[in-house]
Amino acid sequence: LFVDIGTNGEMVLACDGQLSATSTAAGPAFEGMNITHGMRARAGAVEFFDVEEDGTINIKVIGEEEAAGICGSGLLDIVGELVAYGVINKNGKLAEPESEGILPALRERILRQNGKLAFEVAGKIVLTQKDIRQVQLAKGAVRTGIEFLLKDKGIKASEVDRVLIAGSFGYHLRAKSLINIGLLPPEFEGRIEFIGNTSKSGGHAFLLNKNYRAKMAELVKTVEVIELANYKDFNKAFVSCLNF
C-alpha cells in the first residue's frame, strides 16, 4: 500500500501485479494550516513531541530556537501522544484538568483559555479543541480512503505486506504517531516505510529517462480508479474513521 499524505491523500494498492488507486481531500491541517499555532516546517516550529512512561516530555524545535508554532509532524506527534496517554479521548475530546488517571506532568498542562480547554505544548504555544477536530477530519479522510481501497479488493489490513508513506511532509512523520491517531490501522505496525517526496523523484525519472516515459504511459492505462463517491456508505465510514 502506497499512501501520499498531504493536503490531498493519494493512495495506491498493488495486489498480484494490479494497481488500484483513490484519493481523498484531507485538508490543510497536516501542513499546519487552520491550526491555532500552526506554521510551516521552518525555524521555530515544534516538529517532535514524545512522552516517556514517567511523564517526561521531549520536544524538538526546528533550528533549536524558542518554539513559535507547530508544524505538521509536530502536530501529529502531539495529538498521537495525548491520545496514547488519555489526555485526548477516543472521540477527540480533551480531558478536564481534574481528570484522574493522567500523568501529573501532562495534567498540569491542561488549561482553560476563555472558558475552553487547551493543552500547553511549549510556552504560549497550545493545542486547542478546534485543532484536534482539524486533525480528526484530515486523518479521517485518509483512513477512509485506505479502508475502501482494501475493502474493494477484499484485503484485510493484516494481509498488507508493506506500507509506503510518501510526501515531503510524510517523510518527517513517525509510524507510532500515525497508528496512535488511527490514520493507519494497528496491523500496519512494523511494515511502514517512509520514502520521501516521490512526486519529485518521479518527475526526475520522467525528465531524465525516456524509457520510463513509455512505461509510465502504459502503466497509467492499467490502474483501476476507485471512486469513493460511488459508495453509498462512504459518509458512514468517514464518520467512524474520525475517532482516535
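Everything quoted here is computed from the prediction, not taken from an experiment.

Draft legend 1. How the structure looks around the overall build of the protein. The helix and strand inventory of the protein stands at 7 helices and 12 strands. Here the C-alpha radius of gyration of the protein, 19 Å, is about what a compact globule of 244 residues would show, namely 18 Å. Each principal axis of the C-alpha distribution contributes one length, and for the protein these read about 60 × 40 × 30 Å. Within the protein, the proportion of its 244 residues that are buried is 45%. Expressed as a percentage of contacts within the protein between residues at least 6 apart in sequence, the contacts between residues at least 24 apart total 66%. In the structure as shown, the protein presents an accessible area of about 12800 Å², 51% of it carried by carbon and sulfur atoms. For the protein, the centre of its 28 positive side-chain charges and the centre of its 31 negative side-chain charges are spaced 5 Å apart.

Draft legend 2. Summary view of the pattern of salt bridges. Per the stated rule, a full pass over the model turns up 12 salt bridges. The salt bridge involving Arg-112 is made with Glu-96; its shortest N-O contact spans 2.2 Å. Taken together, the residues span a long stretch of sequence, with Arg-112 in strand 7 (residues 110–113) and Glu-96 in the loop between helix 1 (72–84) and helix 2 (104–107) at a distance of 16 residues. Arg-112 gets classed as partly exposed once you look at its relative accessible area, which sits at 47%. Given the relative accessible area of 27%, Glu-96 is considered partly exposed. The partner of Lys-221 in a salt bridge is Glu-218, with the nearest N and O atoms 3.3 Å apart. Taken as a pair, Lys-221 and Glu-218 lie in helix 6 (residues 210–222) at a separation of 3 residues, close to a single helical turn.

Draft legend 3. Local environment of the nonpolar core. With 60 residues, the main nonpolar core has Phe-119, Val-121, Leu-127 and Phe-188 as its most contacted residues. Of all the elements, helix 3 (residues 129–152) adds the most residues to this core, at 8 residues.

Draft legend 4. Molecular detail of the side chain of Asp-50. Inspection of the secondary structure puts Asp-50 in strand 4 (residues 45–51). For Asp-50, a relative accessible area of 12% corresponds to the buried category. Among the polar contacts made by the side chain of Asp-50, one reaches the side chain of Arg-174 at a distance of 3.4 Å. A distance of 2.8 Å separates polar atoms of two side chains, one belonging to Asp-50 and the other to Lys-176. Not counting residues within four places of it along the chain, the set of residues in contact with Asp-50 comprises Thr-56, Ile-57, Asn-58, Glu-81, Arg-174 and Lys-176.

Draft legend 5. Molecular detail of the pairing of strand 10 (residues 163–166). Judged by which residues are buried, strand 10 turns out to be covered on both faces: Val-163 and Ile-165 on one side and Leu-164 and Ala-166 on the other are all buried. As defined by bridge partners, strand 1 (residues 2–4) adjoins strand 10 across 3 bridges and the pair is classed as parallel. Counted as the bridge partner of Phe-2 is Leu-164 from strand 10. In this sheet, strand 11 (residues 192–196) lies alongside strand 10 in parallel orientation, the contact comprising 4 bridges. By the bridge assignment, Leu-164 is partnered in strand 11 with Glu-193.

Draft legend 6. Fine view of the sheet that holds strand 9 (residues 125–128). With respect to topology, 3 strands assemble into an open sheet ordered 7-8-9, the strand pairing being antiparallel. The open sheet has two edge strands, strand 7 and strand 9, and neither has a second partner. Averaged over all pairs of adjacent strands, the angle between strand axes in this sheet comes to 45 degrees, irrespective of strand direction. As defined by bridge partners, strand 7 adjoins strand 8 (residues 116–122) across 4 bridges and the pair is classed as antiparallel. Each bridged residue has a counterpart across the sheet, and for Ile-110 the counterpart in strand 8 is Phe-119. In the packing of helix 1 onto the sheet, contacts are made with strand 8 and strand 9, and the angle to strand 9 comes to roughly 60 degrees.

Draft legend 7. Structural detail: the pairing of strand 4. Within strand 4, 6 of the 7 residues are buried, which leaves it mostly tucked inside the rest of the structure. Of the strand pairs in this sheet, strand 4 and strand 6 (residues 69–70) are connected by 2 bridges, and their pairing is parallel. Note on strand 6: the bridge partner recorded for Ala-45 is Gly-69. Alignment of strand 4 against strand 5 (residues 57–61), held across 5 bridges, turns out to be antiparallel. Looking across to strand 5, one finds that Phe-49 is bridged to Ile-59. Connecting strand 4 to the antiparallel partner strand 5 that follows it, the hairpin turn spans 5 residues, and Gly-55 within it adopts a positive phi of roughly 100 degrees.

Cut-offs and rules
Residues numbered from 1 in each chain as written. Predicted model: local features only at pLDDT ≥ 70, side-chain atom pairs only at ≥ 80, totals over all residues. Heavy atoms only, no water. Helix = DSSP H or I, 4+ residues; strand = E, 2+ residues; numbered from the N terminus. Rg over C-alpha atoms; globule rule 2.2 N^0.38 Å. Buried < 20%, exposed > 50% of the residue type's maximum accessible area, 1.4 Å probe, protein only. Contact = heavy atoms within 4.5 Å. Areas by Shrake-Rupley, 256 points an atom, 1.4 Å probe, with all protein chains shown as cover. Lys, Arg positive; Asp, Glu negative; His and termini not counted. Charge placed at Lys NZ, Arg CZ, Asp CG, Glu CD. Salt bridge = Lys/Arg side-chain N within 4 Å of Asp/Glu carboxyl O. Core = buried A, V, L, I, M, F, W, Y, C linked by side-chain atoms within 4.5 Å. Polar contact = N/O pair within 3.5 Å; in protein donor to acceptor, adjacent residues only side chain to side chain. Pairing = 2+ DSSP bridges. Axes fitted to C-alpha atoms, helices over the stretch in contact; angles between N-to-C directions.

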